[in-house]
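Listed below, chain by chain, are the residues.
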Amino acid sequence: MGKLGRLAINSEGFIFDPETGNSYTINKTGLFILNLLKEEKKTEEIIEKLTEEYDIDREEAMRDITDFIEQLRLFGLINAEEYND
Amino acid sequence: MTNVAISGINAVDNPGPGVGVIKSIKKKDKNTKIIGLAYDAMEPGVYMDWLTDKVFIMPYPSEGETPFINRLLYIKESCGLDAIIPTLDAELPLFIANGEKLGSFGICTFLPTKEQFRLRAKDRLSDLAQSIGLKVPESRTVTSYEELTKAINEMKFPVMIKGVFYKAYKAFNYQEATSYFNKIVSEWGYPVIVQKVVAGEEMNVVGVGDGEGGDFGMVGIKKLWITSLGKIWTGVTVKHEEMLRTAKNFVKEFNWKGAFELECIVSDDGIYLIEINPRFPAWIYFATGVGINLPERLLSAALGKEPERASNYEPGKLYIRFTDDFVTDMEIFQKIVTRGER
């Protein structure tokens, strides 16, 4: 799980990184994905859960997850080599 | 009852650490008698009589050791003095050089040695950093426009333009770099340091070394908001294990004694050491607020007691500075101006 494991995440989507002191806010969908990533779910599984939870197709879910993971990477919240599956 | 003298009670826009140190000591024991050491009648701490029980105007350290030490002995004689916590850079060499002498008069201090103090000079920082596994940003010492331009061409913008002792500015083009170079030269003289800007998170560690390789606690923070003078206004506690481990290495490697503040930039390719201050920073009350009362621990050590050593603070605690004001009588001002004490 790497860096994600250290993040403090509250139910309203506020995230605090105790190592860098940075804080972030995410929307409900982001929170949904982040919690699944913290539980070490594979991308394929997250896509499935996202399509079940929200009214979107597989392709859209995959695009959103890829975007979201890329954002996490940009903010240094996951390592470069993580979640490339 | 313990009588402690504390300097740096200039709680202004570029605040000294004194008021934070006093608040910390009073938090532990409100009966400790605090003697404020001021260099100007207008220092706010002179008037904050809920924090300073007595205040004395000191001669500048640059006037020489004799008047300075004599003033401290006068203070001891007139109201009793068990320990001193100096907090200003300009005073430290004098206190360090006279630590034993003051001790022989029953005035305790807990300061780095002369050699430790010299170690963290800007021209030796690179060697020190390497010995504890830290990096330092690439830098050049320059004394002319020609050297300045050459250094900038090698490093590319932005660069930091710094004085050897004080001041640091970030320059994004030649005009800015030249203007900051002139500003530093006119105020502080030559040489000027040109330093590469390292991208990363700026973090600081404050702690107290026990002089034998251990520590009496440390706290890591990140500045979230700074003033135009570069002073912290809000901050947050962090637990960056590698940075804290490095701080412990620093204390162990050099048997650091007394207060210190490490200023670092945590980058993807490692931790860069920017500066080591051999004293408490002005935001020291932050550490006290999260349960690590470093000034009180340092005072205990100075008085020969064994202080607590725990560093079990929570990350994610916020530090908020704010402005405040109060009204007082002319009497205090009169006393401090005419008698040099109140």
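Residues numbered from 1 in each chain as written. Chains lettered and ligands numbered in written order. Predicted model: local features only at pLDDT ≥ 70, side-chain atom pairs only at ≥ 80, totals over all residues. Heavy atoms only, no water.

> Would you take a moment to explain the overall build of chain B for this structure?
Counting its secondary structure elements, chain B contains 12 helices and 14 strands. Taken against the 2.2 N^0.38 rule, which gives 20 Å for 342 residues, the C-alpha radius of gyration of chain B at 20 Å falls within 12% of a compact globule. Structurally, chain B occupies a C-alpha span of about 60 × 40 × 40 Å along its principal axes. Every one of the 342 residues in chain B was classed for burial, and the buried ones make up 51%. In chain B, once contacts between residues fewer than 6 apart in sequence are set aside, the share between residues at least 24 apart is 64%. Working note: accessible area of chain B is about 16,100 Å², and carbon and sulfur atoms make up 50% of it. Side chains of chain B give 41 positive and 44 negative charges; the mean places of these two sets differ by 2 Å. (Helix = DSSP H or I, 4+ residues; strand = E, 2+ residues; numbered from the N terminus. Rg over C-alpha atoms; globule rule 2.2 N^0.38 Å. Buried < 20%, exposed > 50% of the residue type's maximum accessible area, 1.4 Å probe, protein only. Contact = heavy atoms within 4.5 Å. Areas by Shrake-Rupley, 256 points an atom, 1.4 Å probe, with all protein chains shown as cover. Lys, Arg positive; Asp, Glu negative; His and termini not counted. Charge placed at Lys NZ, Arg CZ, Asp CG, Glu CD.)

> How do you make sense of empty space enclosed by the protein when you look at a structure like this?
Over the atoms rolls a probe the size of a water molecule, and its path tells where empty space is left. Residues and elements named next belong to chain B. Applying the stated criterion across every chain, the model contains 1 cavity of 30 Å³ or more. In this model, the largest cavity occupies a volume close to 80 Å³. As for the largest cavity, its lining consists of I84, I85, P86, L92, F110, L111, A259, P278, R279, F280 and L298. Residue composition of the lining of the largest cavity, grouped by class: 10 nonpolar, no polar and 1 charged. The residue makeup of the lining of the largest cavity includes at least three contributed by each of domain 1 (3–109 + 325–339) and domain 2 (117–133 + 199–320). (1 Å grid on protein atoms, 1.4 Å probe; cavity = no way out; pocket = protein on both sides within 12 Å on 5 of 7 lines; lining within 4 Å. Points joined across faces, edges and corners; volume = space filled by probe spheres on them. Nonpolar A, V, L, I, M, F, W, Y, C, P; charged D, E, K, R; others polar. Domains from an automatic or database assignment.)

> When you look at the packing of helix α1 (residues 28–38) of chain A against helix α2 (residues 43–53) of chain A in this model, what are you seeing that I'm missing?
How two helices sit against one another is set out by the angle between their axes and by the gap between those axes. Residues and elements named next belong to chain A. Here α1 crosses α2 at 145°, and the two axes come no closer than 11 Å. The two elements α1 and α2 meet at a crossing, and its hand is right-handed. Taken together, the residues of α2 that come into contact with α1 (itself represented by T29, F32, I33, L36 and L37) are I46, K49, L50 and E53. Of the residues contributing to the contact of α1 with α2, the split by class is 6 nonpolar, 1 polar and 2 charged. (Axes fitted to C-alpha atoms, helices over the stretch in contact; angles between N-to-C directions. Left-handed = near helix turned anticlockwise from the far one by under 90°.)

> Looking at this structure, I do not really get the packing of aromatic side chains. What am I missing?
The description of two aromatic rings rests on the distance between their centres and on the angle between their planes. Evaluated as defined, the whole model comprises 16 aromatic pairs over all chains. Considering the side-chain rings of A:F32 and A:Y54, the 5.8 Å spacing of their centres and the 90° angle between planes classify their relative orientation as edge-to-face. Taken together, the residues span a long stretch of sequence, with A:F32 in helix α1 and A:Y54 in the loop between α2 and α3 (58–74) at a distance of 22 residues. For A:F32, a relative accessible area of 22% puts it in the partly exposed group. Overall, A:Y54 belongs to the partly exposed group, its relative accessible area being 29%. Relative to B:W256, the ring of B:F250 has its centre 5.2 Å away and its plane inclined at 40°; by these criteria the two rings are tilted. Classification of B:F250 by relative accessible area gives buried; the value is 0%. Ring pairs connect the aromatic residues B:F250, B:F254, B:W256 and B:F260, which therefore count as one cluster. Over the ring of B:Y285 we find B:K23, and its NZ or CZ is 4.2 Å from the ring centre. A cation sits over an aromatic face here: B:R120 above B:F117, 4.8 Å from the ring centre. (Phe/Tyr/Trp six-rings, centres within 6.5 Å; stacked < 30°, edge-to-face > 60°. Lys NZ or Arg CZ within 6 Å of the ring centre and 35° of its normal.)

> Just to check I follow, could you spell out the nonpolar core for this structure?
The nonpolar side chains of a soluble globular protein tend to be buried with one another. Residue and element names in this part refer to chain B. Core analysis: the biggest nonpolar cluster contains 67 residues, and I85, F250, L262, L273 and F280 have the highest contact counts within it. Split by domain, the residues of this core number at least three in each of domain 1 (3–109 + 325–339) and domain 2 (117–133 + 199–320). Look past the residues within four positions of L262 in its chain and what remains in contact with it is M203, N204, V205, A247, F250, L273, E275 and I276. Listed in part, the 22 residues of the second largest apolar core include A5, M58, L72 and L88. (Core = buried A, V, L, I, M, F, W, Y, C linked by side-chain atoms within 4.5 Å.)

> Got a minute to help me understand the side chain of B:N3 in this structure?
Residue and element names in this part refer to chain B. Among the structural elements, N3 can be located in strand β1 (residues 3–7). The class for N3 is buried, based on a relative accessible area of 8%. A polar contact of 2.8 Å, which involves the side chain of N3, links it to the backbone oxygen of C79. In terms of polar contacts, N3 uses its side chain to reach the backbone carbonyl oxygen of G80, at 3.0 Å. What N3 contacts, discounting residues up to four positions off in sequence, is K33, I35, C79, G80, L81, D82 and A83. (Polar contact = N/O pair within 3.5 Å; in protein donor to acceptor, adjacent residues only side chain to side chain.)

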